[in-house]
Amino acid sequence: MAKGEEVPGRDALKGMRRVVVKIGSALLTNDGRALDEAAIGGWVDQIAALHRRGIEVVLVSSGAVAAGMVRLGWQTRPSEVHALQAAAAVGQNGLTECYEGHFGRHQLTTAQVLLTHDDLSNRKRYLNARSALRTLVELGVVPVVNENDTVVTDEIRFGDNDTLGALVANLIEADALVILTDQEGLFDADPRHDPNASLITEGRADDPRLAAVAGDGGALGRGGMTTKVRAARLAARSGALTVIASGRQPEVLTRLVDGERLGTLLTPDQAPIAARKRWLAGQLQVRGTLTLDAGAVKVLRDSGSSLLPVGVKAIAGRFVRGEMVLCVDEEGRRIAKGLVNYGVDEAQRLIGQPSHRIEAILGYMEAPELIHRDNLVVL
Ligand SMILES: Nc1ncnc2c1ncn2[C@@H]1O[C@H](COP(=O)(O)OP(=O)(O)O)[C@@H](O)[C@H]1O
Ligand SMILES: N[C@@H](CCC(=O)OP(=O)(O)O)C(=O)O
């Protein structure tokens, strides 16, 4: 990001074999005026060109709610959940029809895949989604993924498709996540408000300075650059590069694959983490928080140890055995996430105690650790 800082270059994009392309609402709906069919046709042509080069593509497409509103003749986006759900159901049809028609021109088959947060947080359903998506791409089909907006409510939704795109990139172990939006990339300030903002061409996905410059989205988009930067960090966990670029640049996808310097390239700077740990890290919903003492923080970070009750100072939230909790240090900094072996009531009684006392305290012992290291991911 800063001048003189080395980050891997564009050549990294040249050899990619599997890519997730995410197209956002702002672009797809031509700033809210129905689905932009001509532009969609253009992106489909580019995806077909990648396919011909042997690159597998999964498309994550927004636009269901906006398309549904137009079909229903609604002028303003409703705020009631049931109306949004209805619009998404109507609009998703239009979206599918549109993609199917355009991919059909290239003799490419599409598949509609609607996912919810629940599908990816339940381990069994996550594995099912993974094998279905992998099978589809291996069959040469282009899966078109969206959130299943008709069955989700505010508390349980991804909301923005950037996060969904990153989790899909993790799921299929894509080489890259390409986020197409209505700006040339990530700027050092929101260009809608600052005419002097300049484009960040390369950076590291987990550079904390990126979050500081990323702002919210426009009227149509949901997450703005904030969720795109977060998505890059998530995608990096499986080793994927992220590019944020303008979908309005002619031939943007093919030019990126040719190594052209377009948009913002965010590269992972750590080795990919194992699939199960990635699944753990990708969980958005945590039920409680454990505050760790300095010794526990150190062994989690340095030795990859399990978390024992003795290292926990305080507990907040409500959780049962097997649910996800966040571990923080005494200053509240995020340290790790994991699945607990004890519910909150038992855990409250165990904290600060050595593991050999668990049986005496509870009358039984489920496990000597509060979170086993296999179920724990350091953040
Ligand atoms: N630092 C930044 N650089 C570029 N765009 C930014 C920045 N901060 C906020 N934005 C805004 O993010 C918007 C894109 O996000 P969003 O509206 O969610 O679109 P999408 O539907 O493509 O996800 C841009 O229109 C821009 O105004
Ligand atoms: N799933 C929603 C889109 C969510 C959304 O707008 O996301 P984004 O394009 O990332 O701002 C829909 O299809 O209407």
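This is a predicted model, so every value here is computed, not measured.

A. Highlighting the environment of Gly-91. Counting through the fold element by element, Gly-91 comes out in helix 5 (residues 81-104). Since its relative accessible area comes to 0%, Gly-91 is described here as buried. C-alpha of Gly-91 to C-alpha of Leu-35: the two residues are 56 residues apart in sequence and 9.4 Å apart in space. Contact partners of Gly-91, with chain neighbours within four places excluded, come to Ala-64, Ala-67 and Gly-68.

B. Layout of the site of ligand 1. Among the 26 residues in the neighbourhood of ligand 1, the closest are listed as Thr-181, Arg-192, Gly-215, Gly-224 and Lys-228. Between ligand 1 and Phe-187, the relevant distance is 2.9 Å, taken from a nitrogen atom to a main-chain nitrogen or oxygen of the residue. The contact in question runs from an oxygen atom of ligand 1 to an N or O atom on the side chain of Lys-228, over 2.6 Å. Burial of ligand 1 by the protein chains amounts to 98% of its free accessible area of 570 Å². Counting residues per element, the ones that place at least two in the shell around ligand 1 are helix 2 (25-28) and helix 10 (224-236).

C. Focus on the packing of aromatic side chains. With the rule as written, the count across this model stands at 2 aromatic pairs. Ring centres 6.2 Å apart and planes at 55° place the aromatic pair Tyr-126 and Trp-279 in the tilted group. Of this pair, Tyr-126 sits in helix 7 (residues 123-138) while Trp-279 is found in helix 12 (residues 275-282), placing the two residues 153 residues apart along the sequence. Residue class for Tyr-126 comes out buried when judged on its relative accessible area of 6%. In this structure Trp-279 comes out as buried when scored by relative accessible area, which is 7%.

D. Spotlight on the UniProt feature "binding site: ATP" (unreviewed entry) in the chain. UniProt's entry tags Lys-22, Thr-181 and Asp-182 with the feature "binding site: ATP" (unreviewed entry), counted in the numbering of this structure. Spanning 161 residues, the annotated positions come together in the fold, the maximum distance between their C-alpha atoms being 12.1 Å. By the element assignment, Thr-181 lies in strand 5 (residues 176-181). Classification of Thr-181 by relative accessible area gives buried; the value is 9%. Within the local environment of Thr-181, its side chain forms a polar contact with the side chain of Asp-182, the two groups lying 3.3 Å apart. In this structure, Asp-182 is in contact with Ala-26, Leu-27 and Arg-248, ignoring residues within four places of it in sequence.

What counts as what
- What you see as residue numbers is a count from 1 along each chain, following the sequence as written.
- As a convention, the first chain written is A and the first ligand written is 1, with the rest following in written order.
- Totals for whole chains, interfaces and linings use every residue, but because this is a predicted model, local features are given only for residues with pLDDT of at least 70 and side-chain atom pairs only at 80 or more, for both listing and counting.
- Computation of side-chain values covers all heavy atoms of the structure but excludes hydrogens and water.
- Only DSSP runs of H or I covering at least 4 residues are called helices, and only runs of E covering at least 2 are called strands; the numbering of each starts at the N terminus.
- Partly exposed residues are those whose accessible area sits between 20% and 50% of the maximum for their type, while under 20% is buried and over 50% is exposed, using a 1.4 Å probe and protein chains only.
- Throughout, a residue-residue contact means that at least one pair of heavy atoms, one from each residue, lies within 4.5 Å.
- Being near a molecule or strand, for a residue, comes down to having at least one heavy atom within 4 Å of it.
- Polar contact is the term for a pair of N or O atoms within 3.5 Å; when the atoms are in protein, one must be able to donate a hydrogen and the other to accept it, and sequence-neighboring residues count only if both atoms are side-chain atoms.
- Surface exposure here means Shrake-Rupley accessible area, sampled with a 1.4 Å probe, where a residue is shielded only by the protein chains that are shown.
- Note on ring pairs: Phe, Tyr and Trp rings are taken, using the six-membered ring of Trp, and paired if centres are within 6.5 Å. Classes follow the plane angle, with under 30 degrees stacked, over 60 edge-to-face and the rest tilted.
- UniProt positions are given in the numbering used here, feature names are shortened, and annotations may be inferred rather than shown by experiment.

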